[in-house]
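Residue-level listing of the chains:
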2 protein chains.
Amino acid sequence: MGTVMKFGGTSVATVEKMQAIASFVRTRRETGENIVVVVSAMGKTTDRLVEMAMNLSDTPDPRELDMLLSTGEQQSVALMAMGLDAEGVAAISMTGAQAGIRTEGKYTRNRIANIDPTAIKAQHALGKVVVVAGFQGMNEAGDITTLGRGGSDTTAVALAAKLGFDCAIYTDVEGVYSVDPRMVPSAKKLDQISYEEMMEMAALGAGVMEPRAVEIGKKYGVPIYVAKSLSEKAGTWIDEGEAMEKKLITGLSVSGEILMVTVEKIPNDPGAVASIFQALQEQEINVDMISQTAPMEGTVAISFTCEVGDREGVRKAIHTIKHDGINVQARLQGDITKISVVGIGMRDTSGVASRMFQLFAREGIPFFQVTTSEISISYTIPSDRKQAAIQAIAKEFEL
Amino acid sequence: MGTVMKFGGTSVATVEKMQAIASFVRTRRETGENIVVVVSAMGKTTDRLVEMAMNLSDTPDPRELDMLLSTGEQQSVALMAMGLDAEGVAAISMTGAQAGIRTEGKYTRNRIANIDPTAIKAQHALGKVVVVAGFQGMNEAGDITTLGRGGSDTTAVALAAKLGFDCAIYTDVEGVYSVDPRMVPSAKKLDQISYEEMMEMAALGAGVMEPRAVEIGKKYGVPIYVAKSLSEKAGTWIDEGEAMEKKLITGLSVSGEILMVTVEKIPNDPGAVASIFQALQEQEINVDMISQTAPMEGTVAISFTCEVGDREGVRKAIHTIKHDGINVQARLQGDITKISVVGIGMRDTSGVASRMFQLFAREGIPFFQVTTSEISISYTIPSDRKQAAIQAIAKEFEL
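Computed from a predicted structure; not experimentally measured.

## Structural notes on the relation of the copies chain B and chain A
Here's step 1: Rotating chain B by 179° about the axis while translating it 0.0 Å along that axis superimposes it on chain A, leaving an RMSD of 0.1 Å. These values place the two chain copies in the arrangement generated by a two-fold rotation axis. Within chain B, B:Thr71 has its C-alpha nearest the rotation axis, a separation of 2.7 Å.
Here's step 2: Interface residue correspondence from chain B to chain A reaches 100%, placing this contact among same-surface, isologous pairings.

Written as structure tokens, this is what we have:
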């Protein structure tokens, strides 16, 4: 048995913070269990390195970008191992490659292909804490690779899965909340949430954990504990928890400002819809919430959301579509917020949608799009009604 | 055929300097030859990393220090490869380990055990410039290791030896001077110097190149060109050159402030002398210039030099010796400078020592110790006569 403890960049931003973490790991080590510590790059290190790369090239080679960015985590593991040594805890650092993490896929957003835990196990047998660089690995060609956004979470959960350990993600929030506590001060921290709910929450932008990492946790049954770094307060367990959780709605996730696009008069023909999304893809627009209503009078309408910065790209894509002879009408709307309610309880219980519609009607909050997944419902609403919606939903579902 | 081009930390201290170097390499690449670029860490990166380590531990683990410091060069190679790409030069970066550099010895001051050039040759076959991280390699255990002081020079010359390439060391001085031009403004830059002379000059603190690197150059017959980074001016070739160089004295090397220690009344017994140097070693004092005169009245006297900061350590060592029953007398003298003249011509010609003694007598410059090697003579003199000595020697030997 053992634990993988992951500390994010904010938790190791300074030498003083590293010392505090080292001391925390020491108390944990005194229980005698095997420990892997996964760390991210210190504070804003990655941002600084990206900036340097961008000063040299508008389109830096992705292999070289991985080579560059991986140094941030390598610095952190060496310093953390020194900090542990200074605390009297025998420790050894490893790069992703040294820890046996093999990757596949594209540079800058690789996936973990497999992990050879031999080196880690050998050091555990010697009684050492192993400090592993998050966010990185090595591909078949022997190149240093990185795992993309939130990659250190993925490293931690994947290592825990391979070693049969628990996984603790120490971050700068106290756990998973039903709703962002900055928006609803009375928000409750959850003691427990299921993998699926967390994946929806994460994907919907709750920001606590990378959804890929939660997915690996679910696949391999790794219990994940999310808690505030160096805090005494209990955090949140992410696990199977089907039976533990009785609540209908676990969480409420709210986006920042987004752009909503509605395209009308699309010929009712799958090819036409496909060419719209192809044109958007060519402009590298990351389309989020898509809703299409049933066709009327031989044409269909589709709404989707994307980032506010994609406005120009959307215009270009629409222009291309028209140029190709598909004479659609498009409308772009800013000042839009996306609100989602998530709960595994929704799977077996209807009525959440109905209660949401009543609530919006009662509060006089207009909504534009509605989409549903098995355990969530999302709405786009005018941003100026965001607070009213959050308060009403939090009250209605006792979040 | 090809060239290894090495750029030090000052030459790649900023993104702008990297761009200028990339452009310089491009013009070189246009000749069609295969190129390896070796780079050091940017500017003060290594110092900053050491400082962070020291904030975590007074005695950071050497393995972890290597893990930490090697990131500086790794950042440089990635950025340099991006810079070359931006100049239209196909390039790929490699860590020391990826470049096939295997090391042995102690962490933080490893030696290169061997180089497997397969990966570099494969990239040359694809027409790429290979950018290799200086100062680092990998040991048998798979740990990242560093080569100690001036290690990037060693990387460059060793790669040139293995690949059968020439080696160019681009630095912040215009080549090798007969005497430090900051001390003698009329100092002449040498067009050529032999490996042996350069090794003496380097060891005596001339500071242009790491003596180990020159030694590898000599061993494998690698011609080394030392020149100022991005300058049009011709630099200095370091090569066999026995026949090329007719001058008696090639160079004059001057130390900074040093401490001179004289130990008298040492019993004329090799064991007694040995215990003195053992006591000094236990205090980690790096003893430089040692001179012993023939015994008189059953005792011997030894003088040696060390760093000014070693004063306390020397006192402790002497205390230990006395405590062990060897009742020596010791004198510590500061404000001392070491001056050395170097020249391969001295090997076949006597008279340099004699001319030096006359010169000191004529100028009224006292000297304390004298030591000689096959191609050099060194003196310790009072620091306040340093300038007078330099001027007189430079004039006497037309440096």
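## Section: the nonpolar core
Here's step 1: Among the nonpolar cores identified, the biggest contains 198 residues, and A:Met80, A:Val131, B:Met80 and B:Val131 are the most heavily contacted of them.
Here's step 2: Apart from the residues lying within four places of it in its own chain, the contact partners of B:Met80 are B:Val12, B:Met18, B:Ala22, B:Val37, B:Val39, B:Ser93 and B:Val131.
Here's step 3: Counting 21 residues, the second-largest nonpolar core is a separate cluster that includes A:Leu259, A:Ala279, A:Val300 and A:Ile326.

## Some remarks on the sheet that holds strand 1 (residues 2-7) of chain B
All names here are of chain B.
Here's step 1: The sheet built from 8 strands is open, its strands ordered 3-6-2-1-9-11-12-10 with mixed pairing. Both edges of this open sheet fall to strand 3 (91-94) and strand 10 (192-194), since each of them pairs with a single strand only. Across the sheet, the axes of successive neighbouring strands diverge by a mean angle of 20°, strand direction being ignored.
Here's step 2: Strand direction decides the pairing type here: strand 11 (residues 224-228) and strand 12 (residues 236-239), joined by 3 bridges, are antiparallel. Following the sheet pairing, Tyr-225 is matched in strand 12 by Trp-237.
Here's step 3: Contacting strand 2 (34-39), strand 3 and strand 6 (129-133), helix 4 (residues 118-125) crosses the sheet at an angle of about 150° to strand 6.

## Focus on the domain arrangement of chain A
Here's step 1: Under the domain assignment, chain A is made up of domain 1 (2-172) and domain 2 (254-396).
Here's step 2: Look at where the C-alpha atoms of domain 1 of chain A and domain 2 of chain A centre, and you get two points 38 Å apart.

## Description of the packing of helix 5 (residues 151-163) of chain B against helix 7 (residues 211-220) of chain B
Angle between the axes and distance between the axes are the two parameters that describe a pair of packed helices.
All names here are of chain B.
Here's step 1: Where helix 5 meets helix 7, the closest approach of the two axes is 8 Å, and the angle between their N-to-C directions is 10°. Between helix 5 and helix 7, the angle falls in the class roughly parallel. Across the interface between the two elements, Asp-153, Thr-154, Val-157, Ala-158 and Ala-161 from helix 5 touch Arg-212, Ala-213, Ile-216, Gly-217 and Tyr-220 from helix 7.
Here's step 2: Partitioned by chemical class, the residues of the contact of helix 5 with helix 7 number 6 nonpolar, 2 polar and 2 charged.

The rules behind these values
- Residues numbered from 1 in each chain as written.
- Chains lettered and ligands numbered in written order.
- Predicted model: local features only at pLDDT ≥ 70, side-chain atom pairs only at ≥ 80, totals over all residues.
- Least-squares fit on C-alpha atoms with pLDDT ≥ 70 in both.
- Contact = placed C-beta atoms within 7 Å.
- Core = buried A, V, L, I, M, F, W, Y, C linked by C-beta atoms within 7 Å.
- Buried ≥ 20, exposed ≤ 12 C-beta atoms within 10 Å, placed from the backbone.
- Pairing = 2+ DSSP bridges.
- Helix = DSSP H or I, 4+ residues; strand = E, 2+ residues; numbered from the N terminus.
- Axes fitted to C-alpha atoms, helices over the stretch in contact; angles between N-to-C directions.
- Domains from an automatic or database assignment.
- Parallel < 35°, antiparallel > 145°, perpendicular 65-115°, else oblique.
- Nonpolar A, V, L, I, M, F, W, Y, C, P; charged D, E, K, R; others polar.

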